[in-house]
Amino acid sequence: MTHRTNRRRRGLVATALGTGVLITGVATAAPATAATPTVSCTSSKAALATKLKRDITAALANRRGAIAVGLYDRSTKTTCTLRASTAYDSASVVKVTVLAALLWDAQKTDRALTSREKSLATAMITKSDNTSTSTLWRQLGMTKIKGFLAAAGMTQTKPGANGYWGLTQITVTDEQKLLKLLTAHNTVLTDDSRWYIRKLMGSVISSQRWGTPYGRPSNVTWHVKNGWLSRATHGWRVHSVGTFKGGGHDYMITVLTHGNSTMNYGITTIQGVAKVIHKDLAAS
């Protein structure tokens, strides 16, 4: 009976991850407005750092809930962070980590993904399919997932227990580490593996192209993965991670949020941040 109950709960979590259905209860109390965030920015261009700090702070003014932000631009050596080590339930953002772990494991024996694995990976990333994610999560197992996290230096990421991959604890710091691995040559993921992940992230269905790509200039290419999940505590978790290249810049953005009254409120918060980042970098 316990096993059956656990399976049912896992199914509910998976459904919530894909459709935003509440897992348990409804968060009725509106989260308090967060204190003015302390955004930290550094750059080889001092004026750019100053502008980004001011504009990201302004974009977050009066937004309710908890918000964490990460920006890194290789071209100008620009970094901006806000609450970079605060942990959030991953929701579907963890699916990029699942695919990276799958490829990392396949690399060990120099094998290509099977047609089945490719089909599962494509559905997982481009459609945010939960059943495919659960299948790959089980196939990998905790040892391989933790092995990849260790290899990637993602020490702040804690995989969800008992099959609850959507409750993996993630931080801006670790998500930015992962995005850096996807966008530059490294010893963890081969160039082919990096290309494959970016290919799928650049092919997400149109209804899931919100978040960090919002407001990007037309000459900037994008790759994105979003996550959304509502629970009884802290309302909606809404996240977006993306990589961008063009206009003389090579950058990645992570925005993690919870305590949103609705999914759309979280999306609006993320897009407000993304818009000013794209604008400021384009003008620099």
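So, how was this worked out
- Residues numbered from 1 in each chain as written.
- Predicted model: local features only at pLDDT ≥ 70, side-chain atom pairs only at ≥ 80, totals over all residues.
- Heavy atoms only, no water.
- Axes fitted to C-alpha atoms, helices over the stretch in contact; angles between N-to-C directions.
- Helix = DSSP H or I, 4+ residues; strand = E, 2+ residues; numbered from the N terminus.
- Parallel < 35°, antiparallel > 145°, perpendicular 65-115°, else oblique.
- Left-handed = near helix turned anticlockwise from the far one by under 90°.
- Contact = heavy atoms within 4.5 Å.
- Nonpolar A, V, L, I, M, F, W, Y, C, P; charged D, E, K, R; others polar.
- Core = buried A, V, L, I, M, F, W, Y, C linked by side-chain atoms within 4.5 Å.
- Buried < 20%, exposed > 50% of the residue type's maximum accessible area, 1.4 Å probe, protein only.
- Pairing = 2+ DSSP bridges.

Remarks on the packing of helix H3 (residues 94-108) against helix H7 (residues 191-201)
Inference 1: Packing of H3 against H7 leaves a shortest axis separation of 10 Å and a crossing angle of 155°. Compared by their axis directions, H3 and H7 come out roughly antiparallel. Note that H3 runs across H7; the crossing there is right-handed. Taking contact as the criterion, the partners of Val-96, Leu-99, Ala-100, Leu-103 and Gln-107 in H3 are, on H7, Ser-193, Tyr-196, Ile-197, Leu-200 and Met-201.
Inference 2: Its residues assigned to classes, the contact of H3 with H7 comprises 8 nonpolar, 2 polar and no charged.

What to know about the nonpolar core
Inference 1: If you look at the biggest cluster of nonpolar residues, it comprises 44 residues, and the most contacted ones within it are Leu-99, Phe-148, Leu-182, Leu-189, Tyr-196 and Ile-197.
Inference 2: Once residues lying within four places of it in the same chain are set aside, the contact partners of Tyr-196 are Leu-99, Leu-103, Leu-113, Lys-118, Ala-121 and Thr-122.
Inference 3: One finds Leu-48, Ala-49, Val-220 and Trp-222 within the second-largest nonpolar core, a separate group that totals 32 residues.

Notes on the sheet that holds strand S2 (residues 66-73)
Inference 1: One open sheet holds the 6 strands; their spatial order is S1-S3-S2-S8-S7-S6, and the pairing between them is antiparallel. The outermost strands of the open sheet, each flanked by one partner alone, are strand S1 (40-42) and strand S6 (221-230). Taken over all neighbouring pairs, the strand axes of this sheet differ in orientation by 5° on average, direction set aside.
Inference 2: With 8 bridges joining them, S2 and strand S8 (residues 249-260) adopt antiparallel strand pairing. Bridged to Ile-67 within S8 is Thr-257.

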